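Structural overview for review
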Amino acid sequence: MRTFNILPTDRSMQAAIQEKIDNLNKPKGSLGRLEELAMQVCLIQQTLEPSLAHPCHLLLGGDHGIEREGVSVSPREVTWQQMINFTRGGGGVNIFCRQHGFKLRIVDVGVDYDLSSVPGIIDRKIARGTKNFLYEPAMSEEEFDLAILVGSDLVNNCIAEGCRILSIGEMGIGNTSPSSIWMHLFGGIPLDECIGAGAGLDTPGIRHKREVLAAALKRYNSELSPHTSHLSPLQFFGGFEMIAAIGAMLRAAEQHLIILIDGFIMTACAIGAIRLYPAVQDYMIFTHCGDESGHRRMLDIVGAKPLLNLGLRLGEGTGALCAFPIVDSAVRMMNEMNTFANARITKYF
């Protein structure tokens, strides 16, 4: 796998940033989380005058072999149908990208359909979906490395346009299954507590999903692991769109971009990225706690404090986009709010 040079944010400016925050004409600490966000953004960018220039959103699509086991209420063709819908501006992700001025890149990383001739879709297909991890690893080592590179290259394109803040979303029927397994393995949480309804499974459907994932884990831990001990859970269970998202997060952190982390799937990817490079978390803002079962517990694995709790579970990165105005408010506070001295107001603390 490509190596990344990701360092923790340099905190030598922390005192100067705090001094500026405390001298804005407001009671000390009165803007709460906005002040915390302002500190984080300033540390990421190493400046007292942060910028959210050229925000970009990556929408990564891929299909999953495990979907063949009936772990999702939605059929896999919904993946490619939605990808085409996104090119026509008809998805939730389109609405919020337009609303908040994000450049949307729709990327086929592993959709089980030929989208190469569809205008508006970037073709970076690795394969037509992953293999079924109930029986074998989802991807080879070469495919894993390529997915990391795809995500990294996409971020390079954003950086070339002056991007300073990145959000990532996914489209892939069945991707709550690998996310649940990563949650279980990386967080030490019982598998039953990691599995939810996904796109809308009923109670029998959730029970079946638990049985399938438990069987896949048993196979990973016993039958296959002696022969594939070098395989990480990321490679064994992940989707191409999920590994590309991890690659994008790592490259974004390496280049000191702000990374907006979306819901259940992207939080699982964030945890995967943190497992590889712990310092990447300094660059992440966890934007919301979704309605998918276990998302709150997944956030707790990394001690994340989400900005919103709106019961969202659409995916696509929509929660991250909805939270963007809060980050924007924190930056505007730093750049536009007057100081006590300039406003000629007595500083009373």
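Below: a short report on this structure. Bear in mind that the values here come from a model prediction, so they are computed numbers and not experimental data.

1. Considering the environment of Val111
- Assignment of secondary structure puts Val111 in the loop between β2 (103-110) and β3 (121-123).
- The buried category is assigned to Val111, whose relative accessible area is 0%.
- Spatially, the C-alpha atom of Val111 lies 4.2 Å from that of Gly62, the residues being 49 residues apart in sequence.

2. Here's the deal with helix α6 (residues 176-187)
- If you check α6, its first and last C-alpha atoms are 16 Å apart, about what 12 residues at 1.5 Å a residue would give, namely 16 Å.
- Across the 12 residues of α6, 9 count as buried, placing the element largely inside the fold.
- Looking at α6, one finds that the buried residues are Thr176, Ser177, Pro178, Ser179, Ser180, Ile181, Trp182, Met183 and Phe186.

3. Some details on the pairing of strand β5 (residues 258-261)
- With burial as the criterion, each face of β5 is covered, one bearing Ile258 and Leu260 and the other bearing Ile259 and Ile261.
- Sheet topology places strand β4 (residues 165-171) next to β5; 3 bridges connect them, and they run parallel. Bridge pairing in β5 places Ser167 opposite Leu260.
- Direction of pairing for β5 relative to strand β6 (residues 284-286): parallel, over a ladder of 3 bridges. Residue Ile261 lies in a different strand from β6, and its bridge partner there is Phe286.

4. Structural notes on the pairing of β2
- The element β2 is largely enclosed, with a buried count of 6 among its 8 residues.
- Two elements, strand β1 (residues 56-62) and β2, share 7 bridges in a ladder whose sense is parallel. The partner of His57 across the bridge, within β2, is Leu104.
- Bridge count for β2 against β3 is 3 bridges, and the pairing is parallel. When the bridges of β3 are listed, Asp108 appears paired with Asp123.

5. Details of the state of the cysteines
- Enumeration over the complete set of coordinates arrives at 0 disulfides.
- Cysteine Cys194 is unpaired, with the sulfur of Cys289 as its nearest cysteine sulfur at 14 Å.
- The cysteine Cys269 is free of any disulfide, with Cys194 supplying the nearest cysteine sulfur at 15 Å.

6. Overview of helix α10 (residues 264-276)
- Taking 1.5 Å of rise per residue, the 13 residues of α10 would be expected to cover 18 Å, and the 19 Å separating its terminal C-alpha atoms lies within 8% of that figure.
- Here α10 lies mainly inside the structure; 11 of its 13 residues are buried.
- Within the sequence span of α10, burial applies to Phe264, Ile265, Met266, Thr267, Ala268, Cys269, Ala270, Ile271, Gly272, Ala273 and Ile274.

7. Thoughts on the packing of aromatic side chains
- Enumeration over the complete set of coordinates arrives at 8 aromatic pairs.
- Where Trp182 meets Phe186, the ring centres are 6.5 Å apart and the plane angle is 35 degrees; that geometry is what we call tilted. Within this pair, Trp182 and its partner Phe186 are both found in helix α6, separated by 4 residues, close to a single helical turn.
- Aromatic pair Tyr220 and Phe237: ring centres 5.1 Å apart, planes at 65 degrees, arrangement edge-to-face.

8. Brief notes about the packing of helix α2 (residues 32-45) against helix α12 (residues 318-336)
- At a minimum axis separation of 8 Å, α2 and α12 run at an interaxial angle of 80 degrees. The orientation of α2 relative to α12 falls into the category roughly perpendicular. Facing α2, whose interface residues are Leu34, Glu35, Leu37, Ala38, Val41 and Cys42, α12 presents Ile326, Val327, Ser329, Ala330, Val331, Met333 and Met334.
- A per-class count over the contact of α2 with α12 returns 11 nonpolar, 1 polar and 1 charged.

9. Notes on the sheet that holds β4
- The 6 strands are arranged β3-β2-β1-β4-β5-β6 in an open sheet whose pairing can be described as parallel. The open sheet has two edge strands, β3 and β6, and neither has a second partner. Each adjacent strand pair in this sheet contributes to an overall mean axis angle of 30 degrees, direction not counted.
- In this sheet, β4 lies alongside β1 in parallel orientation, the contact comprising 6 bridges.

10. Brief notes about the packing of α6 against α10
- The N-to-C vectors of α6 and α10 enclose an angle of 45 degrees; their axes lie 9 Å apart at closest approach. The orientation of α6 with respect to α10, classified from their angle, is oblique. Between α6 and α10 lies a crossing whose hand is left-handed. Across from Thr176, Ser179, Ser180, Trp182, Met183 and Phe186 in α6, the residues of α10 making contact are Phe264, Ile265, Ala268, Cys269, Ile271, Gly272 and Arg275.
- Residue composition of the contact of α6 with α10, grouped by class: 8 nonpolar, 4 polar and 1 charged.

Rules used in this analysis
- Residues numbered from 1 in each chain as written.
- Predicted model: local features only at pLDDT ≥ 70, side-chain atom pairs only at ≥ 80, totals over all residues.
- Heavy atoms only, no water.
- Helix = DSSP H or I, 4+ residues; strand = E, 2+ residues; numbered from the N terminus.
- Buried < 20%, exposed > 50% of the residue type's maximum accessible area, 1.4 Å probe, protein only.
- Expected span 1.5 Å × (residues − 1).
- Pairing = 2+ DSSP bridges.
- Disulfide = S-S within 2.5 Å.
- Phe/Tyr/Trp six-rings, centres within 6.5 Å; stacked < 30°, edge-to-face > 60°.
- Axes fitted to C-alpha atoms, helices over the stretch in contact; angles between N-to-C directions.
- Parallel < 35°, antiparallel > 145°, perpendicular 65-115°, else oblique.
- Contact = heavy atoms within 4.5 Å.
- Nonpolar A, V, L, I, M, F, W, Y, C, P; charged D, E, K, R; others polar.
- Left-handed = near helix turned anticlockwise from the far one by under 90°.

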